[in-house]
Amino acid sequence: MTKIEEFEQLRPLLFSIAYRILGSVSEAEDAVQETWLRYDASTTRPVSVKAFLSATVTRIAIDVLRSARVRRERYVGPWLPEPLLDDPYQDPARSAELADSVSMAALLLLERLSPLERSVFVLREVFAFGFDEIASAVGRSEAACRQLLVRARRHMEAGRPRFEADRQERQELAERFFEALSQGDVDGLRRLLSADVQLVGDGGGKAPQLARTLVGAEPVARLLATAYPLMTRIDITFDPHDINGQPGAVFRDRDGKVLHTLTLDILDGRIQTIRSVINPDKLSHLGPVADAWSIDREVKRARRTTR
């Protein structure tokens, strides 16, 4: 194969590694592109193209993450990963690990790790790389990588829920949630939410967002049941779609432009967390982005006419 054919064959894997390290679609795509430029400029042929490209994209992602963490500390409001509709890399032998590692909850847990811990964890636990390959990728000894993995596992396990919902249960509960949402059914919504459910919005200061994370079944159900009927009056629609491997939906304006995404974190038969990404910088990879400020003004006008 030619260089470009070899690279394109491995592109899905490279993107999936970079996205899990960075939590950003745009930054992961940039890291993959930079990996190609370095590979194309290389005058020597590696023994293993896969190992070489995986190590290269990992090093680039680590450097990007170190600078990104500083920006995230100054982020306006809660920071959430960029929504990913479809993971391009598929491996039936590791489908469970791949699906779990790309969820919003898992990516937020990964944010607790140092860049090196995060990279080692992703390469080993998600993609099953050998410690010799990992050591080469992160520039540490195999023994040091094993220690990094131990610390990363400890942090990840401490934050994981004790029980996972199966896929069928999640889908059925999500269908009931979106049906209740479309009808503005506050009682129906309340029955699906955990008592301490959280509604988290990521606008990044660039779109209307909640002043704070909303907690509790009653206030969350009432806000959702009030807001969506107003949005339908100005022709906002939503398409149910798995996002980061979890039940969710993409909301669009009357012209089909993306307004925001919504993902549901489901556990023990109830919705535990609802995460909304409305920051336009995090939605552009999904298509043309709506003017959230303009829509917010329309919703407020619609609210006034109903009083």
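What you are looking at is a predicted structure, and each value in this text was computed from that prediction instead of being measured.

Asks: I tried to follow the overall build of the chain on my own but got confused; where do I start?
Replies: For the chain, the count of helices and strands is 12 helices and 6 strands. Here the chain has a C-alpha radius of gyration of 21 Å; the compact-globule value for 307 residues is 19 Å, and the two agree. Buried positions account for 50% of the 307 residues belonging to the chain. Put simply, of all contacts in the chain between residues at least 6 apart along the chain, 66% involve residues at least 24 apart.

Asks: How should the packing of helix H1 (residues 3-22) against helix H3 (residues 49-73) be read in this particular structure?
Replies: Helix packing geometry: the angle between the two helix axes and the distance between the axes. It is the contact of H1 with H3, at a shortest axis distance of 9 Å, that shows an interaxial angle of 30°. With respect to H3, the axis of H1 lies roughly parallel. Of the two possible hands of crossing, H1 and H3 adopt the one that is right-handed. Residue-level contacts link Glu6, Phe7, Leu10, Leu13, Leu14, Ile17, Ala18, Ile21 and Leu22 of H1 to Val49, Lys50, Leu53, Ser54, Val57, Thr58, Ala61, Val64, Leu65 and Arg72 of H3. Per-class residue counts for the contact of H1 with H3 are 14 nonpolar, 2 polar and 3 charged.

Asks: Explain the sheet that holds strand E6 (residues 270-277) here, please?
Replies: Hydrogen bonding along the main chain pairs the strands of a sheet, whether they run parallel or antiparallel. Within the open sheet, the 6 strands sit side by side as E2-E1-E6-E5-E4-E3. Their pairing is mixed. Single-partner strands in this sheet number two, and they are strand E2 (214-215) and strand E3 (237-240). Across 4 bridges, the pairing between E3 and strand E4 (residues 248-252) is antiparallel. By the bridge assignment for E4, Thr237 is matched with Arg252.

Asks: How should the packing of H3 against helix H6 (residues 115-126) be read in this particular structure?
Replies: Close contact between H3 and H6 brings their axes to 9 Å; oriented N to C, the two are set at 135°. Overall, the two elements H3 and H6 adopt an arrangement that is oblique. The chirality of how H3 crosses H6 is right-handed. Contact with H3, carried on its side by Thr58, Ile62, Leu65, Arg66, Arg69 and Arg72, involves Pro115, Leu116, Arg118, Ser119 and Leu123 of H6 and no other residues of that element.

Asks: Explain the side chain of His260 here, please?
Replies: Mapped onto the elements of the fold, His260 is located in strand E5 (residues 258-267). Beyond its immediate sequence surroundings of up to four residues, His260 is in contact with Met231, Ala249, Val250, Phe251, Ser276, Val277, Ile278 and Leu283.

Asks: Explanation requested: the environment of Gly287 in the structure shown.
Replies: Its location among the elements puts Gly287 in the loop between E6 and helix H12 (292-306). Note: C-alpha distance between Gly287 and Lys257 (30 residues apart in sequence) is 7.0 Å.

Asks: I tried to follow unusual backbone geometry on my own but got confused; where do I start?
Replies: Across residues other than glycine, the phi torsion is negative in most instances, and most of the peptide bonds are trans. Positive phi values are uncommon outside glycine, yet Asn244 reaches one of about 50°. Tracing the sequence through the fold places Asn244 in the loop between E3 and E4. By relative accessible area, which is 1% here, Asn244 ends up buried. Here Asp268, not a glycine, exhibits a phi torsion of approximately 55°, which is positive. Looking at where Asp268 falls in the secondary structure, it is placed in the loop between E5 and E6.

Asks: Would you explain the pattern of salt bridges in this entry?
Replies: Charged atoms that come close allow side chains of opposite charge to pair. Taken as a whole, this structure holds 23 salt bridges when the rule is applied. A salt bridge links Arg71 to Glu27, with the shortest nitrogen-to-oxygen separation between them at 2.8 Å. Placement of Arg71 in helix H3 and of Glu27 in helix H2 (residues 25-41) is noted, with a sequence separation of 44 residues between them.

Asks: What am I meant to see in the packing of aromatic side chains here?
Replies: Both the distance between ring centres and the angle between the ring planes are used here to describe each pair of aromatic rings. According to the stated counting rule, one finds 10 aromatic pairs in the structure shown. For the ring pair Trp36 and Tyr39, a centre distance of 6.3 Å and an interplane angle of 70° mean the geometry is edge-to-face. Taken as a pair, Trp36 and Tyr39 lie in helix H2 at a separation of 3 residues, close to a single helical turn. The two residues Trp36 and Tyr39 agree in class, both being buried. Both rings, one in Phe178 and one in Phe238, keep their centres 5.3 Å apart while their planes meet at 40°; by these two values the pair is tilted. Placement of the pair is Phe178 in helix H9 (residues 167-183) and Phe238 in strand E3, with a sequence separation of 60 residues.

Asks: I tried to follow a negative patch on the surface on my own but got confused; where do I start?
Replies: On the surface, a cluster of negative charge is contributed by Asp166, Glu172, Glu175 and Glu179. One can find Glu175 in helix H9. The class for Glu175 is exposed, based on a relative accessible area of 56%.

Cut-offs and rules
- Residues numbered from 1 in each chain as written.
- Predicted model: local features only at pLDDT ≥ 70, side-chain atom pairs only at ≥ 80, totals over all residues.
- Heavy atoms only, no water.
- Helix = DSSP H or I, 4+ residues; strand = E, 2+ residues; numbered from the N terminus.
- Rg over C-alpha atoms; globule rule 2.2 N^0.38 Å.
- Buried < 20%, exposed > 50% of the residue type's maximum accessible area, 1.4 Å probe, protein only.
- Contact = heavy atoms within 4.5 Å.
- Axes fitted to C-alpha atoms, helices over the stretch in contact; angles between N-to-C directions.
- Parallel < 35°, antiparallel > 145°, perpendicular 65-115°, else oblique.
- Left-handed = near helix turned anticlockwise from the far one by under 90°.
- Nonpolar A, V, L, I, M, F, W, Y, C, P; charged D, E, K, R; others polar.
- Pairing = 2+ DSSP bridges.
- Salt bridge = Lys/Arg side-chain N within 4 Å of Asp/Glu carboxyl O.
- Phe/Tyr/Trp six-rings, centres within 6.5 Å; stacked < 30°, edge-to-face > 60°.
- Patch = residues over 30% accessible without salt bridge, like charges linked within 9 Å, V, L, I, M, F, W, Y side chains within 5 Å.
- Areas by Shrake-Rupley, 256 points an atom, 1.4 Å probe, with all protein chains shown as cover.
- Lys, Arg positive; Asp, Glu negative; His and termini not counted.
- Charge placed at Lys NZ, Arg CZ, Asp CG, Glu CD.

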